[in-house]
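An overview of the molecular structure
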Amino acid sequence: MKKNLKHISALIVLLTFSGSIWAQAGKNMVTYTIDGGAFHHQQITIHADPKGVENGAMSGPTVGYTKINLDDAAPGDRTTGPKWDLDIAFSQVGTGTAKVGEPLTGSHNHVDRQVYFRLQVQSEGKNKYLGADHNDPSKTPGTIRITKFGPVGGTIEGDFEGTVKGSDGLYTITGGHFVATRKL
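Small disclaimer: the values here were computed from a predicted structure and weren't measured. (Residues numbered from 1 in each chain as written. Predicted model: local features only at pLDDT ≥ 70, side-chain atom pairs only at ≥ 80, totals over all residues. Heavy atoms only, no water.)

With respect to topology, 5 strands assemble into an open sheet ordered E3-E4-E5-E7-E8, the strand pairing being antiparallel. Among the strands making up the open sheet, the edge pair consists of strand E3 (56-58) and strand E8 (126-130). With strand direction ignored, the average angle separating the axes of adjacent strands in the sheet is 10°. With 3 bridges connecting them, E3 and strand E4 (residues 66-71) associate as antiparallel partners. Its bridge partner being in E4, Ala 57 is matched across the sheet by Ile 68. (Pairing = 2+ DSSP bridges. Helix = DSSP H or I, 4+ residues; strand = E, 2+ residues; numbered from the N terminus. Axes fitted to C-alpha atoms, helices over the stretch in contact; angles between N-to-C directions.)

Looking now at the confidence of the model for the protein chain. In the predicted model, the protein chain carries a mean pLDDT of 84, and 81% of its residues have values of at least 70. Contacts for the low-pLDDT stretch residues 5-25, under 50 throughout, to residues beyond four places or in other chains number 0 contacts. (pLDDT = per-residue confidence, 0-100. Contact = heavy atoms within 4.5 Å.)

Following the sequence through the fold, Lys 27 ends up in the loop between helix H1 (2-25) and strand E1 (29-36). Using a relative accessible area of 17% as the deciding quantity, one classes Lys 27 as buried. The spatial distance from the C-alpha of Lys 27 to the C-alpha of Ala 48 is 8.2 Å, given a sequence separation of 21 residues. Setting aside anything within four residues of it in sequence, one finds Lys 27 in contact with Gly 153, Thr 155, Val 179 and Thr 181. A polar contact of 3.1 Å, which involves the side chain of Lys 27, links it to the backbone oxygen of Gly 153. (Buried < 20%, exposed > 50% of the residue type's maximum accessible area, 1.4 Å probe, protein only. Polar contact = N/O pair within 3.5 Å; in protein donor to acceptor, adjacent residues only side chain to side chain.)

Another aspect to go through is the sheet that holds strand E6 (residues 96-99). Taken in spatial order, the 6 strands of this open sheet run E2-E1-E11-E10-E9-E6, and their pairing is antiparallel. On the outer flanks of this sheet lie strand E2 (39-47) and E6, each paired with one strand and no other. Adjacent strand axes in the sheet meet at a mean angle of 15° when their direction is disregarded. Where E6 lies against strand E9 (residues 142-149), 4 bridges are found, and the strand directions are antiparallel.

Spelled out as structure tokens, the structure:
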């Protein structure tokens, strides 16, 4: 009986350890499919360094909404910066769904005023910035859904999709998913 308990205890320890490794591996990551410009149904994956100051999620009563930033910049890289980036402003603290362009009523710092997701992508060796059309928001509809809202140190996870505008036209984003470490 004691031998079986030792094996069960060892198995529980191994499962707990392996589970925490898998949880860490998925933190600070973005995937989506992009169509438009030079991109033709291209799958994009961003692995954001958790040590990066900008990488992660901030949310709670002091912020008043959820702010997420995930990029591929190397820690301490001040020369090249990120090539791929996702920036999200979500209208609430917690899980739920929001449409791009809805007001951020809980925003305490008033830097962000609307729900959005913005992307920085690399095309032909140059950075392109893709976001909402502020002159005609009906051209760039989108949805952001937060499905998991963990405590500080845990993760905030969710999905996004929609149309974004670059200097060269419209892009369609589908199957977007993010996992970000909650820093605040």
